[in-house]
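Examination of the molecular architecture
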Amino acid sequence: CVMGLFLGPWSLERTRVKTKELFYLLGFRPAPRTFGSEVVAFNLPREGRIEYARWLHPRETAKTISQDSVNQLRRFLSPGDVAIDIGAHTGDSAIPMALAVGKSGTVLALEPNPYVFSVLQRNAELNRDKTRIIPLPFAATPEDGQYEFEYGDSGFCNGGLHENISRWKHGLAFKLKVTGKNFARYLSAEYPELLPRIRYIKVDAEGYDLAVLSSMSELIAQRQPFIRAEVYKWTGRPQREQLFRLLAGTGYSIWRVQDEANYCGEMVEASRAMEWAHYDIFAVPRGSAAPFSV
């Protein structure tokens, strides 16, 4: 196999990436590309007409705004609450949050990727009679600075900061310099009036969720928000168990998300962290009066 000879000790089995991705990792990459967006509408039974700017990137998965997703969020979010969307992408998760907290509430939506941030900005401007979304063009990181994120294509559709994960495993060859900020410090400096109303934090950081939540541990301990986080497919047992211990040690019970209409599929502990390849968890403050049927 010519490719096998070219890679030397890295066999196709060890890389776990596709042939095209191997070429990208070896430096044969196309030039960056940008894509626009188009506005589509969803008619929800309670919310009425909701507009959403859909990114026209060919690798973007279809996104919908559903009444079920808003209803699930309303089980623990109320008008006037503050929600934080870390890794907001186009805003498809920020919009249901914003509908749940209403115009009197606030959603802070973080997205450091400039290729998609313009779409997030557009979505923040839609539905202004029902929502308040503040788009922020940076990542939540332990320290302020510049970070190198990795993506899977020249349009920078999906990616993130993959610390301690081999590039031969995740196969993401397109690098992008982004700004990172310690978000707890940023909130205290820029939005101190929102701190007492923080009720929910959603993190989708491609395996960097542990670092993000660790950097916000004092805020989490003080405010005890509900938390949704991703357990990324390429993270190993030590990192997964540390994420579970961080949340459990801060006073949370942990549930595996079943779908957008049921965040509390089943209760899980660190011992079961490797039972599923890729999934989301939902952390509920112990003793909360949240109306969940679990």
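Quick note: structure is the one above.
So, here's what we can say about the structure. Please read all numbers here as calculations on a predicted model, not as lab measurements. Each chain has its residues counted from 1, running along the sequence as written. It should be noted that, the model being predicted, local features are given only for residues of pLDDT at least 70 and side-chain atom pairs only at 80 or more, the latter also being counted only at that level, while totals for whole chains, interfaces and linings use all residues. Calculation of side-chain values draws on the structure's entire complement of heavy atoms; hydrogens and water are dropped beforehand.

Throughout this description, the term nonpolar core refers to a set of buried Ala, Val, Leu, Ile, Met, Phe, Trp, Tyr and Cys residues connected via side-chain atoms within 4.5 Å. For the exposure calls, accessible area comes from a 1.4 Å probe over protein chains only, and a residue counts as buried if that area is under 20% of its type's maximum, exposed if over 50%, partly exposed in between. Among the nonpolar cores identified, the biggest contains 51 residues, and I86, L136, F183, L187, I201, L247 and I281 are the most heavily contacted of them. Segments assigned H or I by DSSP are reported as helices when at least four residues long, segments assigned E as strands when at least two residues long, and all are numbered from the N terminus. Broken down by element, this core gets its largest block of residues, four residues, from helix α9 (residues 209-215). Within the second largest apolar cluster, 33 residues are counted, among which are F76, A83, M97 and V101.

With that settled, the discussion passes to the packing of aromatic side chains. For Phe, Tyr and Trp, rings pair up if their centres lie within 6.5 Å, where Trp contributes its six-membered ring, and each pair is then called stacked (planes under 30 degrees apart), edge-to-face (over 60) or tilted (otherwise). Across all of its chains, the model carries 15 aromatic pairs by this definition. A ring pair is formed by Y186 and Y191, whose centres lie 6.2 Å apart and whose planes are at 55 degrees; its orientation type is tilted. Of the residues examined, Y191 reaches a relative accessible area of 16% and is grouped as buried. Ring geometry for Y263 versus F282: centroids 5.1 Å apart, planes at 70 degrees, classification edge-to-face. Residue Y263 is found in the loop between β12 (252-256) and β13 (266-267), and its partner F282 is found in strand β14 (residues 279-285); the two are separated by 19 residues along the sequence. F282 matches Y263 in its accessibility class, with the two residues each being buried. Taken together, the ring pairs in this structure connect F76, Y200, F226, Y263 and F282 into an aromatic cluster. Charges are assigned to positions over rings by a cutoff of 6 Å between ring centre and Lys NZ or Arg CZ, combined with an angular limit of 35 degrees from the ring normal. Geometry around F138 places K181 over its ring, the cationic atom sitting 5.6 Å from the centre.

This paragraph deals with the sheet that holds strand β8 (residues 159-160). At least two DSSP bridges between two strands are needed for those strands to be called paired. Strand order in the open sheet formed by four strands is β6-β9-β7-β8, with mixed pairing between adjacent strands. Of all strands in the sheet, those bounded by a partner on one side alone are β6 (139-140) and β8. Sheet topology note: the strand β7 (residues 145-151)/β8 ladder contains two bridges and is antiparallel. Looking at β8, one finds that E150 is bridged to G160.

Glancing now at the pattern of salt bridges. Basic side-chain nitrogens of Lys or Arg form a salt bridge, by our definition, when they fall within 4 Å of a carboxyl oxygen of Asp or Glu. In this structure the tally under the stated criterion is 16 salt bridges. E47 is paired through a salt bridge with R74; the nearest N and O atoms lie 2.7 Å apart. With a gap of 27 residues between them, E47 in the loop between β1 (37-44) and β2 (48-55) and R74 in the loop between α4 (67-73) and β3 (82-86) connect regions that are remote in the sequence. Under the relative-accessibility criterion, R74 is labelled partly exposed at 22%. Residues K130 and D129 are paired through a salt bridge, measuring 3.4 Å at the closest nitrogen-oxygen approach. The exposure class of K130 is partly exposed, given its relative accessible area of 25%. Through salt bridges with shared partners, one network takes in R256, E266, R272 and E275.

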